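Next come the chains, spelled out residue by residue.
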Amino acid sequence: MLLRNLIKHFITITNHRHKVIYHCFKSGIIWQGLFHDLSKYSPTEFIEGVKYYQGTRSPNEAAREKNGYSLAWIHHKGRNKHHFEYWTDYNKETHQLEPVKMPLKYVVEMFCDRVAASKIYGKENYNDSYALNYYNNKKKVRKIHPETAKIIETLLIMLSEKGEDYTFKFIRNLLREDKRK
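Criteria and cut-off values
Residues numbered from 1 in each chain as written. Predicted model: local features only at pLDDT ≥ 70, side-chain atom pairs only at ≥ 80, totals over all residues. Heavy atoms only, no water. Helix = DSSP H or I, 4+ residues; strand = E, 2+ residues; numbered from the N terminus. Rg over C-alpha atoms; globule rule 2.2 N^0.38 Å. Lys, Arg positive; Asp, Glu negative; His and termini not counted. Charge placed at Lys NZ, Arg CZ, Asp CG, Glu CD. Phe/Tyr/Trp six-rings, centres within 6.5 Å; stacked < 30°, edge-to-face > 60°. Buried < 20%, exposed > 50% of the residue type's maximum accessible area, 1.4 Å probe, protein only. Contact = heavy atoms within 4.5 Å. Core = buried A, V, L, I, M, F, W, Y, C linked by side-chain atoms within 4.5 Å. Patch = residues over 30% accessible without salt bridge, like charges linked within 9 Å, V, L, I, M, F, W, Y side chains within 5 Å. Areas by Shrake-Rupley, 256 points an atom, 1.4 Å probe, with all protein chains shown as cover. Salt bridge = Lys/Arg side-chain N within 4 Å of Asp/Glu carboxyl O. Axes fitted to C-alpha atoms, helices over the stretch in contact; angles between N-to-C directions. Parallel < 35°, antiparallel > 145°, perpendicular 65-115°, else oblique. Left-handed = near helix turned anticlockwise from the far one by under 90°. Nonpolar A, V, L, I, M, F, W, Y, C, P; charged D, E, K, R; others polar.

Enquirer: Quick question: what am I supposed to make of the overall build of the protein chain here?
Expert: Per the secondary structure count, the protein chain includes nine helices and two strands. If you list the helices and strands of the protein chain from N to C, you get α-α-α-α-α-β-β-α-α-α-α. Computed over the C-alpha atoms, the radius of gyration of the protein chain is 17 Å, within 12% of the 16 Å expected from 2.2 N^0.38 for a compact globule of 181 residues. Each charge class in the protein chain can be summarised by its mean position, and for the 32 positive and 20 negative side chains these summaries are 3 Å apart.

If you want it as structure tokens, here you go:
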């Protein structure tokens, strides 16, 4: 069982990573894709991933159900800038932890990550609305900067309505414009 989970978890995270690399390439952020999620192979994340592997959802969910938290997720979100949870800081006026606007290149990587995860976990049920539906199901409990939310929602809606080719072309143009600023 442990060896089976180890192999299957390794294959799952590697397949996911390869899909993200492909999507990042289509978006014009190839270097980000090449370095995407390398922390998943670290002992902190990999061991918990094997222990709670299920194949149909993130092992972090199962770890949270059992322990009340996921050590792998805490480790992961603190090292990977494509997660909106990374982008929080203390507001100097309220002294509360609040979301910070993400740079566009990381929002694009987040989009690529969400689409790839939807394909991996959705398997034959995947369609271009899958990532948007998942995003919307968690929307009420998510603490994300409003400008970041607007961008990721725009991209997910665009994917749902116009497909991958159109959306990735739009993203490449968006990144070009952002570099000119």
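There's more to say after this.
Enquirer: What should I look at first to understand the packing of aromatic side chains in this one?
Expert: By convention here, two paired aromatic rings are described through the distance between centres and the angle between planes. Counted by the stated rule, this structure contains five aromatic pairs. Measuring from centroid to centroid gives 5.9 Å for Phe10 and Tyr41, while their planes differ by 70°, and the two rings are edge-to-face. Remark: Tyr41 occurs in the loop between helix H2 (30-35) and helix H3 (43-51) and Phe10 occurs in helix H1 (residues 2-27); sequence separation between them is 31 residues. Judged by relative accessible area, which is 41%, Phe10 ranks as partly exposed. The structure contains a cluster of three or more aromatic residues connected by ring pairs, namely Tyr86, Trp87 and Tyr106.

Enquirer: I tried to follow the environment of Ser160 on my own but got confused; where do I start?
Expert: Among the secondary structure elements, Ser160 is positioned in helix H8 (residues 146-162). Here Ser160 falls in the partly exposed class, since its relative accessible area comes to 24%. Separated by 27 residues in sequence, Ser160 and Asn133 have C-alpha atoms that sit 9.3 Å apart. Those residues within four positions of Ser160 in sequence are excluded, and the remaining contacts are Asp128, Ser129 and Leu132.

Enquirer: I tried to follow the nonpolar core on my own but got confused; where do I start?
Expert: If you look at the biggest cluster of nonpolar residues, it comprises 28 residues, and the most contacted ones within it are Phe111 and Ile152. Broken down by secondary-structure element, the contributors of at least two residues to this core are H1, helix H6 (104-122), helix H7 (130-137), H8 and helix H9 (164-180). Top element by residues in this core is H6. It accounts for nine residues. Contact partners of Ile152, with chain neighbours within four places excluded, come to Val107, Met110, Phe111, Arg114, Tyr135 and Ile144.

Enquirer: Could you clarify how one ought to interpret a nonpolar patch on the surface in this entry?
Expert: A surface patch of nonpolar side chains, about 450 Å² in accessible area, is lined by Leu3, Leu6, Ile7, Phe10 and Ile11. Its relative accessible area of 37% is what places Leu6 among the partly exposed residues.

Enquirer: So what exactly am I meant to see when it comes to the packing of H1 against H6 here?
Expert: Helix-helix packing: each pair is described by the crossing angle between the helix axes and the interaxial distance. Two elements in contact, H1 and H6, have axes whose closest approach is 8 Å; the angle formed by their N-to-C orientations is 135°. With respect to their mutual orientation, H1 and H6 come out oblique. The element H1 and its partner H6 pack so that their crossing is right-handed. Contacts from Thr12, Asn15, His16, Lys19, Val20, His23, Cys24 and Ser27 in H1 reach Val108, Glu109, Cys112, Asp113, Val115, Ala116, Ala117, Lys119, Ile120 and Tyr121 in H6. Its residues placed into classes, the contact of H1 with H6 shows nine nonpolar, five polar and four charged.

Enquirer: How should the pattern of salt bridges be read in this particular structure?
Expert: It is possible for side chains of opposite charge to pair when their charged atoms get near one another. Applying the stated criterion across every chain, the model contains eight salt bridges. Here Glu164 and Lys26 are joined by a salt bridge, their closest N and O atoms 3.2 Å apart. Placement of the pair is Glu164 in helix H9 and Lys26 in helix H1, with a sequence separation of 138 residues. Exposure remark for Lys26: the relative accessible area of 15% places this residue in the buried category. Among the salt bridges present, the one from Lys119 reaches Glu164, with a minimum N-O distance of 2.5 Å. With Lys119 in helix H6 and Glu164 in helix H9, the pair connects residues that are 45 residues apart, well separated along the chain. Of the two residues, Lys119 and Glu164, both sit in the buried class. Overlapping salt bridges bring together Lys26, Lys119, Glu164 and Asp165 as one network.

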